[in-house]
Amino acid sequence: MAQKITQDGIVDGFEVQIIRERLYENRIIDRDEADFFFKLNDSVTGIKNDAFWGALFVDALTDHFLYDTKSPGSVDGSGGQYILRKISKDGKIDDLELRLLVNIISKARICAMELVDFAMEAMKARILRDGFIDDYEVEMVLKLVYGDGANDAEGVDRSKVHFLFDLNKKAAGMPNSPGWKELFVETVGKHVLENVISPGVVCEEVVNWLIERISADGKMDENEKALLEFIKINAREIESGIE
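Account for the overall build of the protein chain, naming residues and giving values.
From N to C terminus, the protein chain includes twelve helices and four strands. Each principal axis of the C-alpha distribution contributes one length, and for the protein chain these read about 65 × 40 × 25 Å. Looking at the protein chain residue by residue over its 243 residues, the buried ones come to 45%. A total accessible area of about 12900 Å² is found for the protein chain, and carbon and sulfur atoms account for 52% of it. With 30 positive and 46 negative side-chain charges, the protein chain shows a spacing of 3 Å between the two charge centroids.

Encoded structure:
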């Protein structure tokens, strides 16, 4: 099937329909069919394919990894390694592959950390290409950090906060989406204010970490200033001063 589709170099609407009908005939996407999707995408990436091709690629492969009978809702180390091999095979990650990664991570109950780390690095690389964060990228980062749940900072670990700081440094001073500032300030701010023993108390260790992160490039941008203001307003106590 892939050979026939790629003869003209694109996936059109009729071909999307045929692929969906044939591969979902038994309502299960098996590993051979997953191989087919990755191979086909590699051959047509960068081409103006039918708009529904992207949705089919992401949905079908998400179904394959998350809705299997052995470990529903989770991607273990071997599953993560398979995804990384397929995506890295051609030495680059395209927009559909990044969408797939974010979709899997956002929906999974359990996900291999190497897959999460890879997705965060890929997102950094995407943003670095044009230097600013647009509305679509804000949505992608939101899903990567929070998943499909509400914007609850509980469960947002330090690695994801470092990821947000790295993105903010790369895009500082650029015409970013207004949603980026809100996402950065509220997510990092709530993370800082989390304290299992004394909620709202910002301990000295956290203050020192925060200062180190903000001053890493020798300057403070508007988003970082807004972050400090958010913490000052919402903290019950700050054990060491934040100026």
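Got a sec to walk through the side chain of Thr-187? Specific residues and values, please.
With respect to the secondary-structure elements, Thr-187 resides in helix α10 (residues 178-193). For Thr-187, a relative accessible area of 1% puts it in the buried group. Within the structure, Thr-187 has its side chain in polar contact with the backbone oxygen of Leu-183 (distance 2.8 Å).

Which residues make up the packing of aromatic side chains, and what are the values?
Tallied over the full model, the rule gives nine aromatic pairs. With 5.3 Å between their ring centres and 85° between their planes, Phe-165 and Phe-184 make a pair best called edge-to-face. With Phe-165 in helix α9 (residues 158-171) and Phe-184 in helix α10, the pair connects residues that are 19 residues apart, well separated along the chain. On the basis of relative accessibility, which here comes to 0%, the residue Phe-184 falls in the buried class. The interplanar angle of 35° and the centroid separation of 6.0 Å between the aromatic rings of Trp-180 and Phe-184 together place this pair among those described as tilted. One end of the pair, Trp-180, and the other, Phe-184, are both in helix α10, four residues apart, so they sit about a helical turn from each other.

Tell me about the confidence of the model for the protein chain, and please be specific about residues and values.
For the protein chain, per-residue confidence averages 90 on the pLDDT scale, and 92% of positions sit at 70 or higher. Taking the mean pLDDT of every element in the protein chain, the minimum, 65, falls on helix α1 (residues 2-5) and the maximum, 96, on helix α12 (residues 222-234).

Scoring rules and cut-offs
- Residues numbered from 1 in each chain as written.
- Predicted model: local features only at pLDDT ≥ 70, side-chain atom pairs only at ≥ 80, totals over all residues.
- Heavy atoms only, no water.
- Helix = DSSP H or I, 4+ residues; strand = E, 2+ residues; numbered from the N terminus.
- Buried < 20%, exposed > 50% of the residue type's maximum accessible area, 1.4 Å probe, protein only.
- Areas by Shrake-Rupley, 256 points an atom, 1.4 Å probe, with all protein chains shown as cover.
- Lys, Arg positive; Asp, Glu negative; His and termini not counted.
- Charge placed at Lys NZ, Arg CZ, Asp CG, Glu CD.
- Polar contact = N/O pair within 3.5 Å; in protein donor to acceptor, adjacent residues only side chain to side chain.
- Phe/Tyr/Trp six-rings, centres within 6.5 Å; stacked < 30°, edge-to-face > 60°.
- pLDDT = per-residue confidence, 0-100.

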